[in-house]
Amino acid sequence: MAAEWPEIERAEREKRRELVLQAADERLLLCGGQLPDSLTSLTLLNYLEVSGCAELREVPAGLGLLSHLQSLILCRNALHSLPPGLGQLRGLRVLDVSGNQLEELPAELSHMAELCSLNVSCNRLRELPPGLERCTKLAGINLSRNLVTAIPPGLLGPQLQLLASIAAADNLIEELDGSVGLLSGLRNLDLSNNRLTEIPYELADCTKLKEINFKGNKLKDKRLEKMVNGCQTKSILEYLRVGGRGAGKGKTKVDGAIKEDAKDKKKKKQRKESEEEVEDVNKMMLRVLHILENPAPLTVTVSANIKDVRPYIVCCVVKGMNLRPGNALKRLLTAQTKLHEDLCDKRTLATIATHDLQLVKGPLLYDARPPKESKIIPLNRKEINAKELVRQLQFEAEEQRKQKKRQNVSGLHRYLHLLDRKENYPFLVDAENTVISFPPITNSEKTKIRKSTRELLVEVTSSSSLQTCKDVMDSLIAKMAELNKFTLENKEEEIIADRDPEDDYAHEQPAANQNPETEDSTQLVLEQVRVADIDGNLKVLYPSKTDLDLSSSFVIVR
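Residues numbered from 1 in each chain as written. Predicted model: local features only at pLDDT ≥ 70, side-chain atom pairs only at ≥ 80, totals over all residues. Heavy atoms only, no water.

1. Re the packing of aromatic side chains
And step 1. Throughout the structure, instances matching the rule amount to two aromatic pairs.
And step 2. Aromatic side chains Tyr425 and Phe438 sit 5.5 Å apart centroid to centroid with 20 degrees between the ring planes, which places their arrangement in the stacked category. Taken together, the residues Tyr425 in strand E16 (residues 425–429) and Phe438 in strand E17 (residues 435–438) connect sequence positions 13 residues apart.
And step 3. Owing to a relative accessible area of 10%, Tyr425 belongs among the buried residues under this scheme. (Phe/Tyr/Trp six-rings, centres within 6.5 Å; stacked < 30°, edge-to-face > 60°. Helix = DSSP H or I, 4+ residues; strand = E, 2+ residues; numbered from the N terminus. Buried < 20%, exposed > 50% of the residue type's maximum accessible area, 1.4 Å probe, protein only.)

Written as C-alpha cells, this is what we have:
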C-alpha cells in the first residue's frame, strides 16, 4: 500500500512557500526509504526541510527542479548520497545536510552561486568537492565531525572574501595551508581535535579574526600549544605575527625581543589612548572610561549538555537605564527587535533577552533539558512546559496562515524552525530552578523588564560562535547608551497613568540597589558576568577591555 503524504498535497493545493517534513519513518518504510516524486512538483517552495528521518536514504533526483528554493535542510537522516541535480539550485542560499551518512558530495555543488551557508557536519566525508571557491558568497562552512584530511587550498583563497566562519573540528586534518591568510573576512576558525603539528604564520594576516580554536592538536611548538589550550586568540595571533615563519614551526624569536616588542606596542597604545582622552575632553563629548574588576560578579554555569544545542552565551549587567519617561521602554524593545532582524539575522545567528536584575536569583545555569520536563511562564502567557508551548505556537502559526491566507507568519512563530531537530531545548535557569529564558523563543514573565527597571541582566545566546554573542552585545550596549542619553536630554515626562502596581511599589522603595552615580546621569554602569563550565573553568568574562569599543558610548565598566 502506497504511503500518503498530506503535507505535500496541502502545500501544492495552497501554493505554499515552505514545507517541513518530520517523523515520517513509517511512510518512508512503505516507500523504500525514498521521498515521493510529487515533492518535485512544488516549484514555488523557497524553504524545504526534511529532518529526523532515520529511514530516509535518498532524496528525489528532481529536487533540482525547485528553482525558487533558497533553503534546503536535510539533516539527521540516513542519506548516503546526494543527487548531482542539486547543482541546478542556483538560487540556494542555505544547504544543511548534517547528521547523515554521506561519504562524498557531488561536484555540482560548486554551481550554487548564491550559496551562503553550507553545513555538512557529522557525516563520513573524506574530502570536499573541488570548485567550492566558485561559491563566492559563502559566509560559513561547517564540516566538523567527518574524516576530512585537508581543507582544499581553493577554499582558503582570495575568492571567498565573505567567508567569516570555518568549523572543521574533529577531523583528520594534518596541515592548514598558508593561503588561509588570504581570507580577509575570516572571524571564526575551529580546527580543534585534528592532527595539526603547525599553525601557519599567515593566519596572523586575517585582521578580522576574533576566535580560533586549535585545541586537541599536538603542535611542535609547545609554547604555542600552551596558548592554544588556553584559548588565547590575541596572544596566538601576536605570537605568529612576531615570530614570523618560525613561530608556526616550533621556532621563535628570542624572548627578550618579543617582550621588547610588546613593551613598544604597549607604550604606543598608552600614548594613543592619552591623545584620544585629551581630544574627548576638548570636545566635551565623551567621558573617560574605566574597567574595574568586580570582586563578586554574577556567575552563569554552562552545562555540558548544551554543547550540541545552543552552546554560546554572553551576559552583562547594565545599571542606570531610565525606562520610566515617555516611550523609553518602547524604544528599547524596538531597538532589540531591530537587532534581532538585522544583526542577528532574524535570530538565526543570535538571540537577545533582557531581564530585571532585581528579579533574577543567581547564580544561573545555562542548560539543555527535555522540553516536556521544563516549565516556563512565557512573556504574557500562563505557565506551560516548553514542548506544549512550541506545539501551541505551531498551532497558532497554522491558524495565522489560514486566516491571513499567506505563507509567512509573525511574532514568535517565525522562530520555531530554529528548534527543529532538537531533542533538548536550551534554558537559562535561576538558583530556584526556575526557567527565566528559553532562547531563541522567549524569556520569562518572572524577570520581565518594566518602566521601573533600572538594573538589567542582558543575555545573548548563539549556536554560531562566542564572537557573534560579543558582537551583538557590543551593539546592544551601544544602543542602550544612546537611547538613555536621548531620553534624559529630551527631558520626557514620566509616565504615571496605567502604571503597573509592581512599578509603584518599586518606585516607592529606597534605591538601595541603584547606583547613586547614575541616578541622574546619562552614564550606564556595566558589571561583568562570569560564564564558566561545570568545573568552574572560565569560558568568558564580559565585558573586558577587548570586547567593547568604548570610544563612542557614555558607559562605565566595572
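Anyway, onward from the coordinates.
2. Focus: the confidence of the model for the protein
And step 1. In this model, the protein carries an average pLDDT of 80, and 79% of its residues clear a pLDDT of 70 or more.
And step 2. The low-confidence segment residues 274–292, where pLDDT is below 50, has 24 contacts with residues more than four positions distant or belonging to other chains.
And step 3. This model gives residues 496–520 a pLDDT under 50, and the stretch forms 27 contacts once residues within four places in sequence are excluded. (pLDDT = per-residue confidence, 0-100. Contact = heavy atoms within 4.5 Å.)

3. Some points on the packing of helix H6 (residues 328–341) against helix H8 (residues 466–489)
And step 1. At a closest axis distance of 10 Å, the pairing of H6 and H8 adopts a crossing angle of 155 degrees. By the angle between their axes, H6 is roughly antiparallel relative to H8. For the crossing formed where H6 meets H8, the hand is right-handed. Here Ala328, Arg331, Leu332, Ala335 and Leu339 of H6 lie close against H8, whose contacting residues are Ser475, Leu476, Lys479, Met480, Leu483, Phe486 and Thr487.
And step 2. In the contact of H6 with H8, the residues fall into eight nonpolar, two polar and two charged. (Axes fitted to C-alpha atoms, helices over the stretch in contact; angles between N-to-C directions. Parallel < 35°, antiparallel > 145°, perpendicular 65-115°, else oblique. Left-handed = near helix turned anticlockwise from the far one by under 90°. Nonpolar A, V, L, I, M, F, W, Y, C, P; charged D, E, K, R; others polar.)

4. Quick word on the pairing of strand E20 (residues 524–533)
And step 1. Taking burial as the measure, the ten residues of E20 include eight buried ones, the bulk of the element.
And step 2. Sheet analysis places strand E10 (residues 298–302) next to E20, joined by five bridges and oriented parallel. Across the sheet, the residue bridging to Thr299 is Arg530, located in E20.
And step 3. With four bridges connecting them, strand E11 (residues 312–319) and E20 associate as antiparallel partners. From the neighbouring strand, Cys316 faces E20, where its bridge partner is Gln528.
And step 4. Counted along the chain from E20 to the antiparallel partner strand E21 (residues 538–542), the turn is four residues long, and its residue Gly536 has a positive phi close to 90 degrees. (Pairing = 2+ DSSP bridges.)

5. Concerning the sheet that holds strand E3 (residues 71–73)
And step 1. The strand order E1-E2-E3-E4-E5-E6-E7-E8-E9 describes an open sheet built from nine strands, whose pairing is parallel. Strand pairing shows two members of the sheet lacking a second neighbour, strand E1 (18–22) and strand E9 (211–213), which therefore form its edges. Going across the sheet, the axis of each strand differs from the next one's by a mean of 5 degrees, ignoring polarity.

6. Points about H6
And step 1. For H6, built from 14 residues, the straight-helix expectation of 20 Å at 1.5 Å per residue is met to within 8% by its first-to-last C-alpha distance of 20 Å.
And step 2. All of the buried residues in H6 are Ala328, Leu329, Leu332, Ala335, Gln336, Leu339 and His340. All buried residues of H6 fall inside an arc of 145 degrees around its axis, so they share one side. Opposite the packed face of H6, turned more than 90 degrees from it, sit the exposed residues Lys330 and Lys338.
And step 3. Contact partners of the buried residues in H6: strand E12 (351–356), strand E19 (455–462) and H8. (Expected span 1.5 Å × (residues − 1). Arc of directions from axis to C-beta.)

7. Some remarks on the pattern of salt bridges
And step 1. Applying the stated criterion across every chain, the model contains 18 salt bridges.
And step 2. Several salt bridges converge on common partners, so that one network encompasses Asp430, Glu432 and Lys446. (Salt bridge = Lys/Arg side-chain N within 4 Å of Asp/Glu carboxyl O.)

8. Quick look at the side chain of Thr40
And step 1. Residue position: Thr40 is located in the loop between helix H2 (25–30) and strand E2 (47–51).
And step 2. What makes Thr40 buried here is its relative accessible area of 15%.
And step 3. Engagement of the side chain of Thr40 in a polar contact is seen with the backbone oxygen of Asp37, the distance being 2.7 Å.
And step 4. Those residues in contact with Thr40, other than ones at most four positions away along the chain, are Pro60, Gly62, Leu63, Leu65 and Leu66. (Polar contact = N/O pair within 3.5 Å; in protein donor to acceptor, adjacent residues only side chain to side chain.)

9. Points about the nonpolar core
And step 1. Core analysis: the biggest nonpolar cluster contains 73 residues, and Leu48, Leu189, Leu203 and Phe214 have the highest contact counts within it.
And step 2. Taken together, the elements giving at least two residues each to this core come down to helix H1 (6–13), E1, E2, helix H3 (222–229) and helix H4 (233–243).
And step 3. The dominant element in this core, judged by the number of residues it contributes, is H4, at four residues.
And step 4. If we ignore the near neighbours within four places in the chain, the residues touching Phe214 are Leu176, Leu189, Leu191, Ser192, Leu196, Ile199, Leu203 and Val228.
And step 5. One finds Val309, Val458, Cys469 and Ile477 within the second-largest nonpolar core, a separate group that totals 46 residues. (Core = buried A, V, L, I, M, F, W, Y, C linked by side-chain atoms within 4.5 Å.)

10. Thoughts on H3
And step 1. All buried positions along H3 are accounted for by Leu224, Glu225, Met227 and Val228. Buried residues in H3, looked at end-on, bunch into an arc of 160 degrees, giving them a common side. For H3, the exposed residues set more than 90 degrees away from the buried face come down to Lys222 and Lys226.
And step 2. With a side-chain oxygen lying 3.1 Å from the backbone nitrogen of Arg223, the N-terminal cap of H3 falls on Asp221.

11. Quick notes on unusual backbone geometry
And step 1. The omega torsion of the bond from Gly362 to Pro363 falls at 0 degrees, within 30 degrees of zero and hence cis.
And step 2. For the peptide bond that leads from Tyr542 to Pro543, omega is -5 degrees, which places it in the cis range.
And step 3. Unlike most non-glycine residues, Cys122 shows phi in positive territory, near 60 degrees.
And step 4. Looking at where Cys122 falls in the secondary structure, it is placed in the loop between strand E5 (117–119) and strand E6 (140–142).
And step 5. Phi at Asp170 takes a positive value of approximately 60 degrees, unusual for a residue other than glycine.
And step 6. Mapped onto the elements of the fold, Asp170 is located in the loop between strand E7 (165–167) and strand E8 (188–190).
And step 7. The partly exposed category is assigned to Asp170, whose relative accessible area is 31%.

12. A closer look at the state of the cysteines
And step 1. Under the definition given, this model contains zero disulfides.
And step 2. Here Cys315 is not cross-linked by a disulfide; its sulfur's nearest cysteine counterpart is in Cys316, at 8.8 Å.
And step 3. Residue classification places Cys315 among the buried residues on the basis of a relative accessible area of 0%. (Disulfide = S-S within 2.5 Å.)

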